[in-house]
Amino acid sequence: MTTPRLKLLERARPEIMAMQPYSSARMEAGQATIMLNANESPWAPPGDDDCGLNRYPDPQPKALRMRLADLYGVAAEQVLVGRGSDEAIDLLVRAFCREGRDTILISPPTFGMYAVAARTQGAAVIEAPLAADFAVDADALLAKVTDSTRLVFVCTPNNPTGALVPLPTVERLATALRDRALVVVDEAYLEFAGDAPSATGLLDRYDNVAVLRTLSKAYALAGARVGTLIAHADVVALLRRIQAPYPVPAPCADAALAALSAQGIAQARERIAILRGERERLARALPSARGVLAVYPSAANFLCVRFADAQAAYRALLAAGIVVRDVGRYPQLADCLRITIGTPQENAALLGALGLREAVA
Ligand SMILES: *Cc1c(COP(=O)(O)O)cnc(C)c1O
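Parameters and conventions
- Residues numbered from 1 in each chain as written.
- Predicted model: local features only at pLDDT ≥ 70, side-chain atom pairs only at ≥ 80, totals over all residues.
- Heavy atoms only, no water.
- Domains from an automatic or database assignment.
- Contact = heavy atoms within 4.5 Å.
- Buried area = accessible area lost by both parts, 1.4 Å probe.
- Pairing = 2+ DSSP bridges.
- Helix = DSSP H or I, 4+ residues; strand = E, 2+ residues; numbered from the N terminus.
- Buried < 20%, exposed > 50% of the residue type's maximum accessible area, 1.4 Å probe, protein only.
- Expected span 1.5 Å × (residues − 1).
- Near = heavy atom within 4 Å.
- Polar contact = N/O pair within 3.5 Å; in protein donor to acceptor, adjacent residues only side chain to side chain.
- Nonpolar A, V, L, I, M, F, W, Y, C, P; charged D, E, K, R; others polar.
- Salt bridge = Lys/Arg side-chain N within 4 Å of Asp/Glu carboxyl O.
- Axes fitted to C-alpha atoms, helices over the stretch in contact; angles between N-to-C directions.
- Left-handed = near helix turned anticlockwise from the far one by under 90°.
- Core = buried A, V, L, I, M, F, W, Y, C linked by side-chain atoms within 4.5 Å.

Student: Tell me about the domain arrangement of the protein chain, and name the residues and values.
Tutor: Domain annotation for the protein chain reports domain 1 (7–24 + 59–260) and domain 2 (264–360). For domain 1 and domain 2, the distance between their C-alpha centroids amounts to 28 Å. If you look at the interface, domain 1 gives 29 residues, while domain 2 gives 22 residues. Together domain 1 and domain 2 conceal approximately 1900 Å² of surface at their shared face, both sides included; 65% is due to carbon and sulfur atoms. Considering only the side of domain 1, the residues that lose the most area to domain 2 are Phe134, Pro160 and Phe192, jointly responsible for 34% of the buried surface there.

Student: An account of the sheet that holds strand 8 (residues 292–295) is needed here, citing residue identities and associated values.
Tutor: Read across the sheet, 4 strands follow the order 8-9-11-10 without closing on themselves; strand pairing throughout is antiparallel. Looking at strand neighbours, the two that pair on one side only are strand 8 and strand 10 (325–326), the edges of this open sheet. With 3 bridges joining them, strand 8 and strand 9 (residues 302–307) adopt antiparallel strand pairing. The partner of Val292 across the bridge, within strand 9, is Phe307.

Student: Break down helix 7 (residues 233–242) for me, with residues and values.
Tutor: Burial within helix 7 is extensive, with 8 of its 10 residues counted as buried. The inward-facing, buried residues of helix 7 abut helix 1 (14–18), helix 2 (62–72), strand 1 (79–82), helix 3 (84–96), strand 5 (182–186) and strand 7 (227–230).

Student: Give me helix 9 (residues 262–285): which residues, what numbers.
Tutor: Its 24 residues give helix 9 an end-to-end C-alpha distance of 35 Å, which sits within 8% of 34 Å, the value for a rise of 1.5 Å per residue. Among the residues making up helix 9, those that are buried are Gly264, Ile265, Ala268, Ile272, Glu278, Arg279, Leu282 and Ala285.

Student: Any chance you could break down the site of the ligand for me, citing the residues and the numbers?
Tutor: Neighbouring residues of the ligand: 13 residues in total, closest Ser85, Asp186, Thr214, Ser216 and Lys217. The contact in question runs from an oxygen atom of the ligand to an N or O atom on the backbone of Asp86, over 2.9 Å. Between the ligand and Asn159, the relevant distance is 2.8 Å, taken from an oxygen atom to a side-chain nitrogen or oxygen of the residue. Counting residues per element, the shell around the ligand draws most heavily on helix 3, which supplies 3 residues. The residue inventory of the shell around the ligand, partitioned by class, reads 4 nonpolar, 5 polar and 4 charged.

Student: I'd like to hear about the pattern of salt bridges, residue by residue, with values.
Tutor: This structure, assessed with the given rule, holds 16 salt bridges. Residue Glu87 is joined to Arg83 by a salt bridge in which the shortest nitrogen-to-oxygen separation is 3.6 Å. Here Arg83 falls in the partly exposed class, since its relative accessible area comes to 45%. Through salt bridges with shared partners, a single ionic network connects Arg98, Asp102 and Arg150.

Student: Tell me about the sheet that holds strand 5, and name the residues and values.
Tutor: Taking strand neighbours across the sheet as the criterion, the 7 strands line up as 1-7-6-5-4-2-3 in an open arrangement whose pairing is mixed. Bordering the open sheet on either side are strand 1 and strand 3 (124–127), each of which pairs with just one other strand. Across this sheet, the average inter-strand angle for adjacent strands is 25 degrees, counted without regard to direction. In this sheet, strand 6 (residues 209–214) lies alongside strand 5 in parallel orientation, the contact comprising 4 bridges. Bridged to Asp186 within strand 6 is Leu212.

Student: Pulling in residues and values, what's your account of the side chain of Glu87?
Tutor: Position of Glu87 relative to the elements: it lies in helix 3. Using a relative accessible area of 6% as the deciding quantity, one classes Glu87 as buried. For Glu87, the contacting residues outside a window of four places in its chain are Gly82, Gln243, Ala244 and Pro247.

Student: Run through the packing of helix 2 against helix 8 (residues 250–259), naming residues and quoting values.
Tutor: Look at helix 2 against helix 8: their axes get within 10 Å of each other, and the N-to-C directions meet at 35 degrees. Of the two elements, helix 2 crosses helix 8, and the hand of that crossing is left-handed. Facing Ala63, Leu64 and Arg67 of helix 2, the residues of helix 8 in contact are Ala253, Ala256 and Leu257. Within the contact of helix 2 with helix 8, the residues separate by chemical class into 5 nonpolar, no polar and 1 charged.

Student: So, the nonpolar core: which residues are in play, and what are the values?
Tutor: The biggest cluster of nonpolar side chains holds 59 residues, and the ones touching the most others in it are Leu64, Leu68, Val170, Val183, Leu215 and Val226. In this view, Leu68 contacts Val79, Val81, Leu215, Thr228 and Leu260; residues no more than four positions away in its chain are not counted. Residues Leu8, Ile16, Met17 and Ile104 belong to the second largest nonpolar core, which totals 37 residues.

Student: Lay out unusual backbone geometry in plain terms, naming residues and giving numbers.
Tutor: Put simply, Thr156 and Pro157 share a cis peptide bond, and its omega is -10 degrees. In this model, Asn159 is joined to Pro160 through a cis peptide bond whose omega is 15 degrees. With respect to the secondary-structure elements, Pro160 resides in the loop between strand 4 (149–155) and helix 6 (167–176). The residue Phe134 is not glycine, and still its phi comes out positive at about 70 degrees. By secondary structure assignment, the location of Phe134 is in the loop between strand 3 and helix 5 (138–143). Taking relative accessible area as the criterion, Phe134 reaches 6% and is therefore assigned buried.

In structure tokens form, the structure reads like this:
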């Protein structure tokens, strides 16, 4: 990769392009049956009869990578599997942003990890706020682009507002930033957005688009930490250079494959349908609760709700044993709470705690 095929890689950190990546023992295993190259124990640990936990896992577990490629409708070489999409955000910032020089662009209020990853790397965070209706303002974003811009994060549906970003907006950014910056489209909640199309459909035409998907939300696997970055194969190869040697623990890969079995997918679909129905039920009921000023349209598995006094609502819910997310610290979200959609019973309890007992029946 010292001679980049992808023009965008000229915008990556040159020291990462130049370095010799770590080659793990597992990558060199080949067809051997006696494995004396990785200083592993030759015996399985107690209780592990067939998992092979004494061995380091495949750096990019092949079966899982292929399954994810199939799920998202892309090629396996466009897929990077990692420790949640949080890891992919961190890898992108570390691969593209030189400390003290390069910057990322975000549209607050949005997911906090983009800024955390950038600040950890010493990259400045440039902000182009969302419009009053929480729409991404492509003109405002592009007006903030400079020669130091490396990554532009678009979260759709956006956390914590729930608003979907139309694909033409993403495409407009990708066109304007071709060969200059990577448009990172975080689709952590896209499964809850009905038939809204994924930005993966842009990858054929735009090599400066990267899409983040996760099994943490719709596939009920937050505890397993499995996320996917989908991008041009050269971007995937770039990130592999700096990713930890064995980022996907074997039990987590197994859990992911189980979640993505035919049965797992069928169950996820049913549950997504339930959560979407519950989201609409709550969105209809909540405006009648005392102190609710607005329930914002959401394409995700949560609702962003503005209260006259969010602290009072938060305390009332907590007194009923219900914890929600106070997002009042975000710009434009004073007195807002982000409420995750739970089971029908949990949602009934929420409505009850807000004085809407009649809506429970
Ligand atoms: C939850 C969330 C993630 C994190 O996903 P993991 O795969 O669990 O790391 C990424 N982006 C957004 C917007 C999220 O809300």
